[in-house]
Protein chains: 2
Amino acid sequence: MPVLEFWYEFASTYSYPAAMRVEKVAGAKGVAVRWRPFLLGPIFAAQGWNDSPFNLYPAKGKNMWRDLERICADLDIPLRQPPFRFPQKGLKAARIALALEREGFPVAEFSRRVYLANFAQQKDISDEDRVLGSILSDLQIRVDLAVAVANGPENKQRLKNQTNEAIARGIYGAPSFTVGEELFW
Amino acid sequence: MPVLEFWYEFASTYSYPAAMRVEKVAGAKGVAVRWRPFLLGPIFAAQGWNDSPFNLYPAKGKNMWRDLERICADLDIPLRQPPFRFPQKGLKAARIALALEREGFPVAEFSRRVYLANFAQQKDISDEDRVLGSILSDLQIRVDLAVAVANGPENKQRLKNQTNEAIARGIYGAPSFTVGEELFW
């Protein structure tokens, strides 16, 4: 089965509709999806940006939200802007997702629920105790263990490595998709 | 007949495949196209960029060229990178296109030929005498008159106004499409 690698960042707006449908679209073509969470922050910082380009360039940000409204309406998925902060801080969710993926837990479903928390339910996805913990519980995953593994030094380093691999593959935004050496943004 | 406004910049890579197919795609849906050349330079400068973002951010530029190869191959249109300078200087071609559009001359065909000169034939599209003049001649348009009108103070101001209108409509890149108040990038 050919494999599509799906590179995503939990703070990223366009990653949300992509995450919601990537497995369905890929599955219909007989393609497996590998979920690869990474961090955009270090990539943006290396380009001299200390914030999302959607905040740094307001015209771009304004159109992105309108465009995202249209995309989500077409896909029939809910959209409500994060009320307290954009972009949200995706670090903790990314660490958990990476730990789940490595250990064979349902990273896809966890990731979709984090995106819904961020872009539909107006929840703080950096809140490990209530928001992320609650998602893990609902998936029958032991919260204390998952959080401990996610925040362990080995997993922290793995997320750094994953982000460095993204950079090495030429990734500069999210979502990105790779198939072998080919990059699609 | 509903009207799609097509905002384009002759230096812009993704404007090339868009220009080559916009009338065919719109026509199939019973939509008319209004060709609206404008300049990205002043918009980029206002964002603090003194060059194309594809040059300022090399990873983005590298993927753009690969992505454009795939798009052009799908559409069966030729692609060869401008050998001497990217982006090329589109100012003179934009002035001529605007003058043609206002006077009812074939701006669509002129524009497509300028894009082919830029992205397929490796010609210098700032060369008014040979490159742009030759395209005008081939379209049975009097070169001396077209160039004189294009470079007259009224037409120069109109191109500035057109670029300011693009900014006022929230445009920040090319190609962009507007239908009434809706913007699509």
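Residues numbered from 1 in each chain as written. Chains lettered and ligands numbered in written order. Predicted model: local features only at pLDDT ≥ 70, side-chain atom pairs only at ≥ 80, totals over all residues. Heavy atoms only, no water.

Visitor: Even after reading the chapter, I still don't get the overall build of chain A, so can you show me in this structure?
Guide: A count of helices and strands for chain A gives nine helices and four strands. Reading the secondary structure of chain A in the N-to-C direction produces β-α-β-α-α-α-α-α-α-α-α-β-β. With the C-alpha coordinates aligned to their principal axes, the bounding extent of chain A is approximately 45 × 40 × 35 Å. Counting the 185 residues in chain A, one finds 50% classified as buried. Contacts spanning at least 24 positions in sequence make up 73% of the contacts within chain A whose residues lie at least 6 apart. Accessible area for chain A stands at about 9000 Å²; split by element, carbon and sulfur atoms hold 53% of it. (Helix = DSSP H or I, 4+ residues; strand = E, 2+ residues; numbered from the N terminus. Buried < 20%, exposed > 50% of the residue type's maximum accessible area, 1.4 Å probe, protein only. Contact = heavy atoms within 4.5 Å. Areas by Shrake-Rupley, 256 points an atom, 1.4 Å probe, with all protein chains shown as cover.)

Visitor: Help me out: how do you make sense of the pattern of salt bridges in this one?
Guide: Two side chains that carry opposite charge are able to pair once their charged atoms sit near each other. One pass over the structure, following the stated rule, counts 32 salt bridges over all chains. One salt bridge connects E109 of chain B with R113 of chain B, and the closest N-O pair in it is separated by 2.8 Å. Within this pair, E109 of chain B and its partner R113 of chain B are both found in helix α6 (residues 107-119), separated by four residues, close to a single helical turn. Shared partners join several salt bridges into a network, and the residues in it are E5, R34, R36, E101, E165 and R169 of chain A. (Salt bridge = Lys/Arg side-chain N within 4 Å of Asp/Glu carboxyl O.)

Visitor: Explain the side chain of S126 of chain A here, please?
Guide: Residues and elements named next belong to chain A. Note on placement: S126 falls in the loop between α6 (107-119) and α7 (128-138). Polar side-chain contacts of S126 include one of 2.7 Å to the side chain of D124. With near-sequence residues (within four places) excluded, S126 lies in contact with R85, Q88, K89 and K92. (Polar contact = N/O pair within 3.5 Å; in protein donor to acceptor, adjacent residues only side chain to side chain.)

Visitor: Even after reading the chapter, I still don't get the nonpolar core, so can you show me in this structure?
Guide: Soluble globular proteins: nonpolar side chains tend toward being buried together. Within the largest apolar cluster, 46 residues are counted, with the highest numbers of intra-cluster contacts made by F6, F10, W35 and F110 of chain A. When residues of this core are assigned to their parent elements, the largest contribution, eight residues, is made by α6 of chain A. Within the second largest apolar cluster, 45 residues are counted, among which are F6, V33, F119 and F177 of chain B. (Core = buried A, V, L, I, M, F, W, Y, C linked by side-chain atoms within 4.5 Å.)

Visitor: Is there a simple way to explain the relation of the copies chain B and chain A in this structure?
Guide: Here the two chain copies are tied together by a rotation about an axis and a shift along that axis. Screw-axis analysis of chain B against chain A gives a translation of 0.0 Å along the axis, an RMSD of 0.0 Å, and a rotation angle of 180°. Classification of the inter-copy transformation places it as that of a two-fold axis. An overlap of 100% is found between the interface residues of chain B and their copies at the interface of chain A, pointing to a shared contact surface. (Least-squares fit on C-alpha atoms with pLDDT ≥ 70 in both.)

Visitor: Just to check I follow, could you spell out the environment of D124 of chain B for this structure?
Guide: Residues and elements named next belong to chain B. With respect to the helices, strands and loops of the structure, D124 is situated in the loop between α6 and α7 (128-138). The class of D124 is partly exposed, set by a relative accessible area of 25%. Considered as a pair, D124 and G90 are 34 residues apart in the sequence and their alpha carbons are 9.6 Å apart. Excluding its chain neighbours within four sequence positions, the residues that come into contact with D124 are F84, R85, Q88 and V131.

Visitor: Looking at this model, I keep getting lost on the interface of chain B and chain A. Mind explaining?
Guide: When the parts come together, some accessible area is lost, and that loss is often what is quoted as the size of the interface. With 14 residues of chain B at the contact, the number on the chain A side is 14 residues. Here chain B and chain A share an interface that buries about 1400 Å² over both sides, 49% of which is from carbon and sulfur atoms. The partner of E182 of chain A in a salt bridge is R66 of chain B, and the shortest N-O contact between them spans 3.0 Å. The interface formed by chain B and chain A holds 10 residue pairs in polar contact (both at pLDDT 80 or more) in total. Where the side of chain B that touches chain A is concerned, the elements lending two or more residues are α4 (58-75) and β4 (182-184) of chain B. Per element, the largest residue contribution to the side of chain B that touches chain A is five residues, and it comes from α4 of chain B. Grouping the amino acids of the side of chain B that touches chain A by side-chain chemistry returns seven nonpolar, three polar and four charged. (Buried area = accessible area lost by both parts, 1.4 Å probe. Nonpolar A, V, L, I, M, F, W, Y, C, P; charged D, E, K, R; others polar.)

Visitor: I tried to follow the pairing of strand β1 (residues 3-8) of chain A on my own but got confused; where do I start?
Guide: Regular strands show a simple pattern: their side chains alternate between the two faces of the sheet. Residue and element names in this part refer to chain A. Judged by how many residues are buried, β1 sits mostly within the fold: five of six residues are covered. Both β1 and strand β2 (residues 32-37) contribute to a ladder of six bridges, which runs parallel. The residue of β2 that forms the bridge with V3 is A32. Taking the sense of rotation as the criterion, the β-α-β connection linking β1, helix α1 (residues 15-28) and β2 turns out right-handed. (Pairing = 2+ DSSP bridges. Right-handed = clockwise from strand over helix to strand, strands pointing away.)

Limitation: the analysis is restricted to geometry and does not speak to function.
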